[in-house]
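Residue-level structural notes
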Amino acid sequence: MPAVGTDVLELCGVSVALGGTPVLRGVDLEVGPSEIVGLLGASGSGKSTILRVVAGLEQQQRGEVRWSGSAIDHLPAHRREFGMVFQDHVLFAHRDVAGNVELGLRLQGRDRAMRRARVAEMLALVGLAGYECRRIATLSGGEQQRVALARALAPSPKLLLFDEPFGALDRPLRDRLVADVGAILHAAAIPAIVVTHDHDEAFALSDRVAVLVDGRIVQCAAPSQLWRHPADEQVASLIGIGTAVDAQRDGDVLDTPWGRVPDPGSDTDSGSVARRGDHVRVVLRPDALSVADDGAITAIVRRLAPRGDRTMVEVAIGGAPLVWAETDRDDHRAGDAVRLRLRRDALVVFPETSSG
Amino acid sequence: MNTAAKPTTRIGIGALVVALLFGEAACGSSAHSGAAPVTSTRGTTVTLLTHDAFAVSKSVLAAFTADTGIKVKVLRQGDAGLMVNTAITSRDDPQADAIYGVDNTFLSRALDHKLFDARSFRGLDALQPEARAAFSAAARYVVPVDFGDVCFNYDIAWFAKHKISPPSTIGDLTKPALRGLTVVENAATSSPGLAMVLSTIARDGVDKAMEYWRALVGNGVKIDDDWTSAYETDFTDGGGNGTRPIVLSYASSPPADIVYSEGKKTTSDVGVLTDGCFRQYEFAGVLHGASHPDAAQQLVEFLISRRFQEDMPLQMFVFPTRTDAALPEVFRRWAKVPAAPLLPDYRTIGAHRDEWIKRWTSIALG
Amino acid sequence: MDLHRARLSTPVASRRAAAMVAAACVPIVFIGWFFVWPLVAILGRGLIPGGHVHLGPVLDVVSDGRLRHLAIFTLTQAALSTVVTIAVGIPLAGVLARRRLVGARVMRGLVLVPFVLPTVVVATAFAALLGEGGPLGSWHLVPGPAAIIGAHAWFNLAVVVRVVGARWANIDPRLVEVARVAGAKPMRAFREATLPLLAESVMAASAIVFLFCVTSFGVVLVLGGPRYGTLETEIYRLTTQELAFDRASALVLVQMLVVLVTLWVASRAARGAGEQGRLVASRDATRPLRGVRERLGVAAFLGAVLVFLLAPIVVVVARSLSGGLDAYRSMGTEVPVLAASPASTIGTSLRSALVATALAVIVGGLAAAVVAGMGAVRGVRGAGARRSRLGGALELVLLLPLGVSAVTIGFGFVIALNRPVHLRSSWWLVPIAQATVAVPFVMRTVLPALRSVDARQRDVAAVLGARPARVWREVDFPVVRRALAAAATFACAISLGEFGATAFVARADAPTMPIAIRRLLARPGATDHRTAFALAALLVVVTGVMAVAADRLGDARGGY
């Protein structure tokens, strides 16, 4: 086994065209040892193609894929020793749970005793201890996904590739599984690429998130960095910050549809040097507004959405687009007037030119 | 088990490999033997092309091999028509050395396609003078080995039971009393069927013969495609539950009836209408381009030897052309030999065959 | 430098392409050598005698009124036969695939039996049953189209039950349950949920049945009598009786045209109906019968089918027993016309069938894999239209043997197969001839199953470390196993019962069972006939056992 420090996956200028249509246009990406990188993008942005190229299932026309510094483009999929987990789990219905999990081990030529032990270990790891003889058809969606994960983990892959792994599951199940998978991957110190269109999932799992737009990686950063400083409006929208609106800069203050608010750019490191009267685009992060009696903004409650630990209210501020605000009360009614406080650093501002 | 497919695959691949090897080997050996100078026929294997009905006692062939040192490989290929046609088709690269079973309805076609090698066969003196005379023009190419007479047969018991008198001439078959009682074979697909059409033409000329057939069809004759369907399915004394007591078959049917009854019958219920019979000869010859022409000639001569000729009747229910061949008891007693069978010239048959079949088909089946 | 080269040669794709080409070579060489070449040789002799193209006979034949008559009768009887076969076959396939029945396995084997009986025996049995003096002689069906259609349906029921049944057994039962829960009556649920998924296999089965009926020879010859002929019987007559290769070649071309059009229409229709529903290779898609009405309905239906299936077989057995057990006791003694004992022909047949089956499964399976693979390439890459058209062309060429007369191929063998390897009188020619007939069948059976495999399962296996061959074994094989078992059974059955092409392969050693039966039937006298029918009865048993065994193989589960 190579030293941990050298287990780095690198994509350098990878371009793929499928049937003449460019899908990836010069993708550069690096996945460090035991690092989990999320690939976030709308459908059709090429994120699954990146996975297929890394897996060896698809061949790039230009660029190079390297593992530990050397190119692996010549290696067919079955010799790369990676693992892959698909969206709708793609289990082999003609085998039982153990038969699915041990497939990679059998392909490695492991003996029966070893396989049995490893299958038990993997099933325990994914929380399905004792499921060996169950038929796939009798499992729930979440259980099937756990089996798929166990199957991918069993042969100790050098790298795991997840293609929309939790897409087919409902929210609570998904949250739990995301947490479990994150823990398992970190415990096993296996690097991974997780393709998803769900920013929560990407943020929850990944050490870094790469945002893919039209076959290009437009930003790749740690979740917190991405959250605070999305590169542009598109990224902001992809990571779920909300719809951008027009605003006008007036010194340290922004004139927005929600009223005049202090410009966060003036004391952050985003370095936007703005002049008075500039047109800008402004986005509110979901945590930007909260209900507070001493808030400066007046709003009308439209509806209430309890979300487990906290409650969100959708509010109208003047004629501006509806936005969400956090609240710690649960007795709001539609039509109530409330006052809101704005967190300055939860306001993201882009120069107008960046949109598009 | 999943793994069950594996051995099959292996066998298959193995088989393919062996097939190719085997094929090469066969190729090599035949090329070699073809090139060898024919100094002695001893030790060679001669291939005989014949039809599916060919049968011979094992001991008889063994005796030939013991006497001459020549082994015989028998290739059977369909009925006589198919056999002749495949032989013609592969004339430039024949599958065999000798051929046996070409009959006088196909002889002219075989000769026209130069199927045979010219040889001077020995032992012809022992054969029927009339056969030698009829086919003298072809004597360099083929020898007549056997003959049989295609005649109408009738079920004696059926006629006795129904108190109807059986036919005595083929003209009777068109009479209302025998309406719907006859089954014949299709002249376009069956050799006895063709033989009877040729026989009527030889007797009455084409136009009158066609009228006769029109009358026969008008009298409810059934036409089957082959002898088996006619005799075994439709004939009352055949293998099935036939309903027709008159069938177009052979003059040797009565002995066959007794032999195949396995001792249950001592007399035959099959009567033979000896009027209007067609005499069918079968010939043997050496194929053009044979690898072992000398051995092949020895085999053809063996076919007219007494040993083979006396074995033949009970094997194939045909008569030997050799005059001194002793007939089995059951043949002597029960086989009918028509007094004046029709033997139209084989060259005339060859010249008009297709045209006559076409005319007959339009009358009988149109 | 090294990296640069690796990049340019796109190794994964090219390796895949190389494997595909290698796999494609096997069926192409096989069909090219043992089908196309003999066919071209025989057509060449007919249409280009002495090096000059001679199209007169083609024009004569086309303008001849008799041809129109033959062609219309050929197509009409084939279409009607197909409709009847499908109408009986679909419910039977459904009952056998989806209901848990006592004796279902035996029934499946029984359905296969007619398919393997040599047409000589089938025709004789039907003639004995329906002909003058037979138990049903008063129906006056022989000779005539009704008897032909009945015999064709009897003969081809197995195709529908096997091809459609193999697909049906793989359909997720929950689909129907969903429709039922949504309020659909059983027929409606069948139409909405099951039929779309079956459509491709029904089209495949119909195409095969239609082609078999178009080229049917023995049945038409015996049951049609001299009056009802098809293109195939006319080709036979022209080649074997008149040696008229020119006119026969013209008819062969007409028949091939019919076959190509049929295949094209079928593949079009299959693509139109190509609901590539996801299949599960589920352990058990059957359920017990529920309720009195279902029980009675199924019992009545199966009873009727059973009578239909058994009547001709009973006639065969009865004929074999007409002399007591003598026919069976004397099996071991040599019969001169066979140059062997009747019993020994069983071994000859089995040996030949085994090799033919192996050849057909390898060649047909690889062909299906290549054709499916080309389709998959298009599916993933979006614009592989050219390559996929290549796959379609390959599929058509490989299906052609279904529709070309055995007579033609037999004659072609005689002319063409002596160079470069002298196969013409080799032992191998018999299984090769039989495999040629079976290959299209194997491909046709395996292809729909192969196409239903989820491509991502292959990706999963590949990423887990499976080489392409292993991917096939782990992913494709379990799903296509049923289809493969069905195909192997059919291939074996076809070679056991194959008569047409085998009859042309003149060989010195012991004949196969169908050839022996035919020779014995052509002999005068009841003894040989009883032996023939006894052999036919044994052929029924051999086939039945084999079919049941194959059924088990297809159902057997992996050991993991």
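Residues numbered from 1 in each chain as written. Chains lettered and ligands numbered in written order. Predicted model: local features only at pLDDT ≥ 70, side-chain atom pairs only at ≥ 80, totals over all residues. Heavy atoms only, no water.

Quick look at the overall build of chain B
For the record, the criterion: Secondary structure elements follow DSSP: runs of H or I of four or more residues count as helices, runs of E of two or more count as strands, with numbering from the N terminus. Note on definitions: a residue-residue contact is assigned when non-hydrogen atoms from the two residues lie within 4.5 Å. Computed by Shrake-Rupley with a 1.4 Å probe, the accessible areas treat only the displayed protein chains as cover when residues are assessed.
Each helix and strand in chain B was counted, giving 14 helices and 9 strands. In chain B, of all internal contacts separated by at least 6 residues, the share reaching a separation of at least 24 is 75%. Counting every atom, chain B has about 14200 Å² of accessible surface; 55% of that belongs to carbon and sulfur.

Some remarks on the overall build of chain C
What counts here: The buried label applies to any residue whose accessible area, calculated with a 1.4 Å probe on protein chains only, is under 20% of its type's maximum; exposed applies above 50%, and partly exposed to all values in between.
Helix and strand content of chain C: 23 helices and 3 strands. Residues counted as buried form 62% of the 560 residues belonging to chain C. Residue pairs at least 24 apart in sequence account for 81% of intrachain contacts in chain C once pairs closer than 6 positions are excluded. Summed over all atoms, the accessible surface of chain C reaches about 20500 Å², with 67% contributed by carbon and sulfur.

Remarks on unusual backbone geometry
Residue and element names in this part refer to chain A. Within the chain, Glu-164 stands out as a residue other than glycine whose phi angle is a positive 45°. A relative accessible area of 9% means that Glu-164 is categorised as buried. Positive phi is not limited to glycine here, since Asp-214 has a value of about 50°. Positionally, Asp-214 belongs in the loop between β9 (208-213) and β10 (216-221). Take Asp-214: its relative accessible area is 51%, and that puts it in the exposed class.

Quick word on the state of the cysteines
Note the following rule: Two cysteine sulfurs form a disulfide in these notes if their separation is within 2.5 Å.
Summed over all chains, the structure comprises 1 disulfide over all chains. Disulfide pairing is shown between Cys-151 of chain B and Cys-277 of chain B; the S-S distance is 2.1 Å. Disulfide Cys-151 of chain B-Cys-277 of chain B: torsion about the S-S bond near 125°, hence right-handed. Of the two residues, Cys-151 of chain B is situated in strand β4 (residues 142-155) and Cys-277 of chain B in strand β8 (residues 270-286); the sequence distance between them amounts to 126 residues. No disulfide involves Cys-220 of chain A; its nearest neighbouring cysteine sulfur is the one of Cys-12 of chain A, lying 13 Å away.

Observations regarding the side chain of Gln-77 of chain B
The cut-off we apply is this: Side-chain atoms alone can form a polar contact between residues adjacent in sequence; in general such a contact is a pair of N or O atoms within 3.5 Å, and within protein one must be able to donate a hydrogen while the other accepts it.
Among the structural elements, Gln-77 of chain B can be located in the loop between β2 (71-76) and α3 (80-89). Engagement of the side chain of Gln-77 of chain B in a polar contact is seen with the side chain of Thr-86 of chain B, the distance being 3.1 Å.

A closer look at the pairing of strand β13 (residues 259-262) of chain A
Residues and elements named next belong to chain A. In plain terms, the rule: Only strands joined by at least two bridges in the DSSP assignment are considered to pair.
Alignment of strand β12 (residues 253-256) against β13, held across 4 bridges, turns out to be antiparallel. Among the inter-strand pairings, Asp-255 is bridged to a residue of β13, identified as Arg-260. Where β12 folds back onto β13 in an antiparallel hairpin, the turn is made up of 2 residues.

Section: the sheet that holds β9 of chain A
Residues and elements named next belong to chain A. This is how the line gets drawn: The angle between two axes is taken between their N-to-C directions and runs from 0 to 180 degrees, where each axis is a line fitted to C-alpha atoms and a helix contributes only its stretch in contact.
Taken in spatial order, the 6 strands line up as β6-β7-β8-β3-β9-β10 in an open sheet, and their pairing is mixed. Because the sheet does not close on itself, it has two edges, and the strands there are β6 (82-85) and β10. On average, adjacent strands in this sheet sit at an angle of 20° to one another, irrespective of strand direction. Sitting on the sheet, helix α6 (residues 171-188) touches β3 (36-41), β7 (159-163) and β8 (192-196), and the angle it makes with β7 is about 165°.

Things to note about the pattern of salt bridges
Formally: Just to be clear on terms, a salt bridge is a Lys or Arg side-chain nitrogen sitting within 4 Å of an Asp or Glu carboxyl oxygen.
Across all of its chains, the model carries 46 salt bridges over all chains by this definition. The partner of Glu-164 of chain A in a salt bridge is Lys-47 of chain A, and the shortest N-O contact between them spans 3.5 Å. Taken as a pair, Glu-164 of chain A in the loop between β7 and α6 and Lys-47 of chain A in helix α1 (residues 47-55) lie far apart in primary sequence, 117 residues in all. We note that Glu-164 of chain A, like Lys-47 of chain A, is buried. With a shortest N-O distance of 3.1 Å, Arg-519 of chain C and Asp-52 of chain B are connected by a salt bridge. Separated into two different chains, Arg-519 of chain C in helix α22 (residues 513-521) and Asp-52 of chain B in the loop between β1 (45-50) and α2 (58-68) make up a pair that spans both. Asp-52 of chain B carries the same exposure label as Arg-519 of chain C, and that label is buried.

Re the environment of Gly-218 of chain C
All names here are of chain C. As for its position among the elements, Gly-218 is in helix α10 (residues 218-223). Counting along the chain gives 158 residues from Gly-218 to Asp-60, while the straight-line C-alpha distance between them is 27 Å. Excluding residues within four positions of it along the chain, Gly-218 makes contact with Thr-119 and Ala-123.

Here's the deal with the sheet that holds strand β4 (residues 62-67) of chain A
All names here are of chain A. Taken in spatial order, the 4 strands make up an open sheet running β2-β1-β4-β5, and their pairing is antiparallel. Lying at the two open borders of the sheet, with one neighbouring strand each, are β2 (21-31) and β5 (70-71). Bridge count between strand β1 (residues 9-18) and β2: 7 bridges; the pairing is antiparallel. Directly across from Val-16, in β2, lies its bridge partner Leu-24.

Focus: the nonpolar core
The condition that has to hold: We call a set of buried Ala, Val, Leu, Ile, Met, Phe, Trp, Tyr and Cys residues a nonpolar core when their side-chain atoms join them within 4.5 Å.
Judged by nonpolar contacts, the single largest core of 241 residues is most densely connected at Phe-308 of chain B together with Val-159 of chain C. Considering each element in turn, this core owes the most residues, 14 residues, to helix α18 (residues 429-451) of chain C. Ignoring anything within four residues of it in the chain, the contact list for Phe-308 of chain B reads Phe-54, Val-56, Val-60, Val-145, Phe-302, Leu-303 and Met-316 of chain B. The next biggest cluster of nonpolar side chains, apart from the first, holds 45 residues, and it includes Val-14, Ala-77 and Ile-193 of chain A together with Val-475 of chain C.

Examining a nonpolar patch on the surface
All names here are of chain C. Under the convention used in this document: Patch definition: residues with relative accessible area over 30% and no salt bridge; like charges joined within 9 Å; nonpolar side chains (Val, Leu, Ile, Met, Phe, Trp, Tyr) joined within 5 Å.
A surface patch of nonpolar side chains, about 400 Å² in accessible area, is lined by Leu-257, Val-261, Trp-264 and Val-265. Tracing the sequence through the fold places Val-265 in helix α12 (residues 245-272). The class for Val-265 is partly exposed, based on a relative accessible area of 42%.

Points about α1 of chain A
Residues and elements named next belong to chain A. Most of α1 sits out of view: 8 of its 9 residues are buried. All of the buried residues along α1 are Lys-47, Thr-49, Ile-50, Leu-51, Arg-52, Val-53, Val-54 and Ala-55. Just beyond α1, the residue with positive phi is Gly-56, at close to 90°.

Some words on empty space enclosed by the protein
All names here are of chain C. This is how the line gets drawn: Put plainly, a pocket is an open set of points on a 1 Å grid over the protein atoms alone with protein on both sides within 12 Å along at least five of seven lines, a cavity is a set where a 1.4 Å probe fits but cannot get out, and a lining residue has an atom within 4 Å of a point. Grid points are joined across faces, edges and corners, and a volume is the space filled by probe spheres set on the points. Each residue gets one label: Ala, Val, Leu, Ile, Met, Phe, Trp, Tyr, Cys and Pro are nonpolar, Asp, Glu, Lys and Arg are charged, and the others, such as Gly, are polar.
Per the counting criterion, the structure on display carries 9 cavities of 30 Å³ or more. Thr-119, Ala-406, Glu-498, Phe-499 and Gly-500 are the residues nearest the centre of the largest cavity, which is lined by 41 residues in total. At 4 residues, the largest contribution of residues to the lining of the largest cavity is made by helix α21 (residues 500-504). Looking at the lining of the largest cavity, its residues break down into 25 nonpolar, 11 polar and 5 charged.

Description of the packing of aromatic side chains
So the rule is basically this: Ring pairs are drawn from Phe, Tyr and Trp, using the six-membered ring of Trp, whenever the two centres fall within 6.5 Å, and their geometry is named by plane angle: stacked under 30 degrees, edge-to-face over 60, tilted for the rest. We call a charge positioned above a ring when the Lys NZ or Arg CZ atom is no farther than 6 Å from the ring centre and deviates by at most 35 degrees from the ring normal.
The full count for this structure, using the stated rule, is 29 aromatic pairs over all chains. Ring geometry for Tyr-100 of chain B and Phe-308 of chain B: centres 6.4 Å apart, planes at 85°, overall edge-to-face. Residue Tyr-100 of chain B is found in strand β3 (residues 98-103), and its partner Phe-308 of chain B is found in helix α12 (residues 306-316); the two are separated by 208 residues along the sequence. One residue, Arg-95 of chain A, lies across the ring of Phe-92 of chain A, its end atom 5.6 Å from the ring centre.

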